[in-house]
Amino acid sequence: MGLRGDQNVGLERGRCPMASGGEEEEAAALCPPVLPPGEEPGAPQLCPPSPLPHGVSCPTVLPHSVSCPTALPHGVSPARAHLTVLVLCYINLLNYMDRFTVASVLPDVEDYFGIGDSSSGLLQTVFISSYTVLAPLFGYLGDRRSRRRLLGLGLGLWSAVTLGSSFVPKERFWLLLVGRGLVGVGEASYSTIAPTLIADLFAGAARSRALGAFYLALPVGSGLGFVVGAKVKEAAADWRWALRVTPALGALALVLLVLLVAEPPRGVLEPRAPPPVPRPSWATDLRLLATNRTLVLSTLGFTAVAFVTGALALWGPAFLYRSRVAAGRGPACGGGRCERDESLVFGALTCGAGVLGVAAGVELSRRLRSRTRRGDALLCGGGLLASAPCLLAALLAARRAPNAAYVFIFLGEALLSLNWALVADILLDVVVPSRRATAEALQIVASHLLGDAGSPLLIGVVSDALQGGFPGGLAPAPALLRALLLAPFVAALGGAAFLAAAIVLPHDRRAARGLDADDVIDDVTARPRPPSAGGGSK
């Protein structure tokens, strides 16, 4: 690398003044102190001759007033890196639009196929189950094969299958179930691998912002799925046209993926990376990840998030619609058409709450980072605990005070959305780069298998059981209300899991960075501890 000796004249030799403000900790990690030859600890520090990632500045000097190089080590230009994130965000938006389009027209689907709540719940359960089963495979491949090719394969598959699902005849409901299962296969590849690409393009605060933008597509895409699905169904007078929107947009996404998305080397931006070791077996990866307490506890917390959001996404609009019918404020579905606005309103609330929640989570995380290592886990736990009473109030108010219910839904979803970018950041913070795709896959498997794979079906079965079953019709609102009371209870349990993760997070974070016992960091304040009175550390 080329070093210049004509800059930083007048700076004291060897001094390494770190970046200021919120980037101080990040720069400290990425620009560790290097002592001049022959100097003892406590002497002026030098900036190491290593390139720096996006978002980190190290205005320091080497011996003889030579400035630090600032080239990007992964070889991807800043413009290309940001274009890559934009494309990945766009595809993630389509992912979640497609996932919740069926929920936006659920009463129409029930009326068209003549099914009850239990069968309706299977639509989401089949999708999430296949998505969950295939996630470990794509995690394994994502740590070892071309990630961009895997993303293209998954995107092409779910787009094609979603389009085909819109032509299923009414006497072949099982074909719609098969189609939703195949869509889950395609989406498993994307959700597992895409965050690891972002992690290898950015570091520190820049990585948090990029992941925040990526996971902002989750609530926004979910909300747009409800809104677009409802409006397209209304315009075409046929719910099946709602399923044909995302495949068309997916074709454009595939072109952008091929032309613009970069694939950087794995782990190139990691600070204080341990020396390369032979690639362990997948069984070894699984064993080591299972002993990562922060990963296990945060996955349990995220499972609660998935349970609640999965239940609300499928049954939220249907519950609001049935509550309106039960209160005498509108007619029930019949004759192949459902005149209602609940999907549109629920989608708008989801979009707004998601934007607010994800943005607030990223900003609060940035502010807390300089004060405590535990900030992300504390925010996730606090958000879940605070969402529980809001969701309970929304359920209880839906029939008699629908406007109040909408307010509580907005607050509850905003608090739930604090988690989305932060959970990914927690995982990336405590898992070494060579195991990240596998860890993402395991988190997907656990959170969906125990979360939104079962919650829609569980809610539907309980709702039908409380009223004796309603084949070909809809269970009344009180039955669905009692079934949905599971959601706030599970949210409170998830909050407790995140608070437990906060206790062990600093230890696992140090382990992922290859720090030994002498690299003692204050678990609470995130600042180096002073030497003990006896001199030196143990």
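None of the values given here were measured: they were computed from a predicted structure.

1. Quick look at the overall build of the chain
Moving on, step 1. Each helix and strand in the chain was counted, giving 18 helices and two strands.
Moving on, step 2. Buried residues in the chain amount to 53% of all 538 residues.
Moving on, step 3. Counting contacts in the chain only where the partners sit at least 6 residues apart, residues at least 24 apart contribute 81% of the total.
Moving on, step 4. Put simply, the chain shows about 21800 Å² of open surface, and 66% of that area lies on carbon and sulfur atoms.

2. Here's the deal with the packing of helix α6 (residues 173-201) against helix α15 (residues 436-449)
How two helices sit against one another is set out by the angle between their axes and by the gap between those axes.
Moving on, step 1. Two elements in contact, α6 and α15, have axes whose closest approach is 9 Å; the angle formed by their N-to-C orientations is 140°. Taken as axis vectors, α6 and α15 run oblique relative to one another. Judged by the twist between their axes, the crossing of α6 over α15 is right-handed. Residues S191, T192, P195, T196, A199 and D200 of α6 pack against R436, A437, E440, A441 and I444 of α15.
Moving on, step 2. Within the contact of α6 with α15, the residues separate by chemical class into five nonpolar, three polar and three charged.

3. Notes on the packing of aromatic side chains
Moving on, step 1. If you walk through the whole model with that rule in mind, you get six aromatic pairs.
Moving on, step 2. Between the aromatic rings of F100 and F226, the centroid separation amounts to 6.0 Å while the plane-to-plane angle is 25°, which identifies the pairing as stacked. Residue F100 is found in helix α2 (residues 78-104), and its partner F226 is found in helix α7 (residues 204-236); the two are separated by 126 residues along the sequence. Of the two residues, F100 and F226, both sit in the buried class.
Moving on, step 3. Grouping aromatic residues by their ring pairs yields a cluster made of Y112, F113, F173 and W239.

4. Description of unusual backbone geometry
Moving on, step 1. Of note, the phi angle at A237 is positive, near 55°, even though the residue is not glycine.
Moving on, step 2. Turning to its location among the elements, A237 is positioned in the loop between α7 and α8 (245-260).
Moving on, step 3. Using a relative accessible area of 53% as the deciding quantity, one classes A237 as exposed.

5. What about the packing of helix α5 (residues 147-165) against α6?
Moving on, step 1. It is at 8 Å that the axes of α5 and α6 come closest, and there the two elements cross at 155°. In terms of axis orientation, α5 runs roughly antiparallel to α6. Crossing angle aside, the handedness with which α5 passes α6 is left-handed.
Moving on, step 2. For the contact of α5 with α6, a count of residues per class yields 13 nonpolar, seven polar and four charged.

6. Considerations on the pattern of salt bridges
Moving on, step 1. Tallying each qualifying case throughout the model produces 11 salt bridges.
Moving on, step 2. The residue E263 makes a salt bridge to R147 at a minimum N-O spacing of 3.6 Å. Separated by 116 residues along the polypeptide, E263 in the loop between α8 and α9 (282-290) and R147 in helix α5 bring together distant segments of the chain.
Moving on, step 3. Notably, a salt bridge pairs D238 with R240, separated by 3.0 Å at the nearest N-O pair.
Moving on, step 4. The exposure class of R240 is partly exposed, given its relative accessible area of 22%.

About the cut-offs
- Residues numbered from 1 in each chain as written.
- Predicted model: local features only at pLDDT ≥ 70, side-chain atom pairs only at ≥ 80, totals over all residues.
- Heavy atoms only, no water.
- Helix = DSSP H or I, 4+ residues; strand = E, 2+ residues; numbered from the N terminus.
- Buried < 20%, exposed > 50% of the residue type's maximum accessible area, 1.4 Å probe, protein only.
- Contact = heavy atoms within 4.5 Å.
- Areas by Shrake-Rupley, 256 points an atom, 1.4 Å probe, with all protein chains shown as cover.
- Axes fitted to C-alpha atoms, helices over the stretch in contact; angles between N-to-C directions.
- Parallel < 35°, antiparallel > 145°, perpendicular 65-115°, else oblique.
- Left-handed = near helix turned anticlockwise from the far one by under 90°.
- Nonpolar A, V, L, I, M, F, W, Y, C, P; charged D, E, K, R; others polar.
- Phe/Tyr/Trp six-rings, centres within 6.5 Å; stacked < 30°, edge-to-face > 60°.
- Salt bridge = Lys/Arg side-chain N within 4 Å of Asp/Glu carboxyl O.

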